[in-house]
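# Coordinate inspection notes
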Amino acid sequence: MIALPLIALATALGSSLLPGAEAHGLVKIVNIGGQDYPAWNPNTDPYLDPLPQRVTRKVPDDGPVIDVTSPDLACNQGGESGAPLVADAAAGSPVTFQMDRWPSDHLGPVFHYMADCEGDCTTFDATQAKWFKIYQDGFDGGLWATTKLIANNLEVTVTIPAELKPGQYLLRHELVALHDITQPQFYPACAQINVSGSGTQVPDPSALVSIPGVYNGFNWPDIWSESFTGFTLPAPAIANFVSGGASSPAPAPSSQDPAPSAPSTTPAPAPTTSDAAPAASSTGKAKCKTRKTKRSTSEKAARRARRHAAAAGHAKRQHH
Ligand SMILES: *[C@@H]1O[C@H](CO)[C@@H](O)[C@H](O)[C@H]1NC(C)=O
Ligand SMILES: [Cu+2]
């Protein structure tokens, strides 16, 4: 009887001590144009010779980006420069991102953005991209998007806008974890896609945002607060498309400033005012930090978090 939990614990500890075993999550596979593409795996790919050719840009590890002003927010650390391959997909077709794992306590929204590479994605600097949002899922029916992702085989599917004009685009997948009320965590990853089709439209220039920039000043909620009832998604809204011709128009300069990160147009469904303003940090990458427990009602969650930390056996990463 007692053997089961012990075995479970031993297994968890054992696997976490293997090199590269981690406890947050990485994109494992991206299905683009009906084809599975393994994502860049920082635990194994860097050690292979020759280096594997991926359609996803590099990530250094499975940890979060925590500084919303860091260039790493675009496509993660190392993802500013291109991957060698671009995956073909038709406009209007689905793209599925599958994670290798995701901790159930890392609750938060899921976003997808795209950006025109203005030519060759393999040489395109992601920090210069003008992004438009094509997918967002926050908190609905008592469920966070990350919870739904876990229940959905660790997958989330987004559709390439059918009207989008052909060309090469970055598709940015992003999970945000809000379990640490002092510090939201961002997990971005970018795939390079060659969109085909007869579309002629471009995102409405007013929908274009810079990353970093998009979340500047956004007040992420205290999801553990008793008064937490809903989550107002950060701007921008899902992009509308307008006829835009053959060449990429220069993005309006006004889209560069962080203004779009104001709360979205919908009236706030009573978001909690978080008293834990995200502290600016000097580095983009961070370890998964301990969530501050400020209410006894959060004890259950805190215990969960401690279990998570114990199971993860983080010697170096100080997860929770
Ligand atoms: C992108 O797709 C178009 C249309 O299918 C094709 O002609 C072109 O060669 C592709 N480009 C790349 C870089 O794969
Ligand atoms: Cu984590």
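Everything numeric here is computed off the predicted structure, so don't read it as measured data.

Okay, the pairing of strand 5 (residues 110–116) next. Counting buried positions along strand 5 gives seven out of seven residues, so the element sits mostly inside the fold. Residues V110, H112, M114 and D116 of strand 5 are buried on one face, and the alternating residues F111, Y113 and A115, pointing to the opposite face, are buried as well. As judged from the seven bridges shared by strand 5 and strand 10 (residues 167–177), these two strands associate in the antiparallel manner. Counterpart to H112 in the pairing with strand 10 is H173.

Take the site of ligand 1 next. Around ligand 1 sit D88, Q168, N194 and S196, and that is every residue in its neighbourhood. At 2.3 Å, a side-chain N or O of N194 approaches an oxygen atom of ligand 1. For ligand 1, the protein covers 35% of the area, taking 360 Å² as the surface of the free molecule. Its residues placed into classes, the shell around ligand 1 shows no nonpolar, three polar and one charged.

On to the sheet that holds strand 4 (residues 94–99), then. Spatially, four strands are ordered 2-1-4-9 in an open sheet, and the strand pairing comes out antiparallel. Each edge of the open sheet is held by one strand with a lone partner, namely strand 2 (35–38) and strand 9 (155–159). With strand direction ignored, the average angle separating the axes of adjacent strands in the sheet is 20°. Strand direction decides the pairing type here: strand 4 and strand 9, joined by five bridges, are antiparallel. Residue pairing for strand 9: P94 is matched across the bridge by T159.

Another aspect to go through is unusual backbone geometry. Of the consecutive residues I211 and P212, the connecting peptide bond is found in the cis state with omega at 10°. Along the chain, P212 falls in the loop between strand 12 (201–203) and strand 13 (241–243). A cis amide bond, omega 5°, links A235 with the succeeding residue P236. Residue position: P236 is located in the loop between strand 12 and strand 13. In this structure, N153 takes a positive phi of about 60° despite not being glycine. Topologically, N153 is positioned in the loop between helix 3 (145–151) and strand 9.

Below, the discussion takes up the environment of L26. As for its position among the elements, L26 is in the loop between helix 1 (3–17) and strand 1 (27–32). Residue class for L26 comes out buried when judged on its relative accessible area of 7%. A C-alpha to C-alpha distance of 8.1 Å links L26 and W102, two positions 76 residues apart in sequence. The contacts of L26, once residues within four sequence positions are left out, are N41, P42, N43, V59, D61, D62, Q98, M99, D100 and R101.

Calculation criteria
- Residues numbered from 1 in each chain as written.
- Chains lettered and ligands numbered in written order.
- Predicted model: local features only at pLDDT ≥ 70, side-chain atom pairs only at ≥ 80, totals over all residues.
- Heavy atoms only, no water.
- Buried < 20%, exposed > 50% of the residue type's maximum accessible area, 1.4 Å probe, protein only.
- Helix = DSSP H or I, 4+ residues; strand = E, 2+ residues; numbered from the N terminus.
- Pairing = 2+ DSSP bridges.
- Near = heavy atom within 4 Å.
- Polar contact = N/O pair within 3.5 Å; in protein donor to acceptor, adjacent residues only side chain to side chain.
- Areas by Shrake-Rupley, 256 points an atom, 1.4 Å probe, with all protein chains shown as cover.
- Nonpolar A, V, L, I, M, F, W, Y, C, P; charged D, E, K, R; others polar.
- Axes fitted to C-alpha atoms, helices over the stretch in contact; angles between N-to-C directions.
- Contact = heavy atoms within 4.5 Å.

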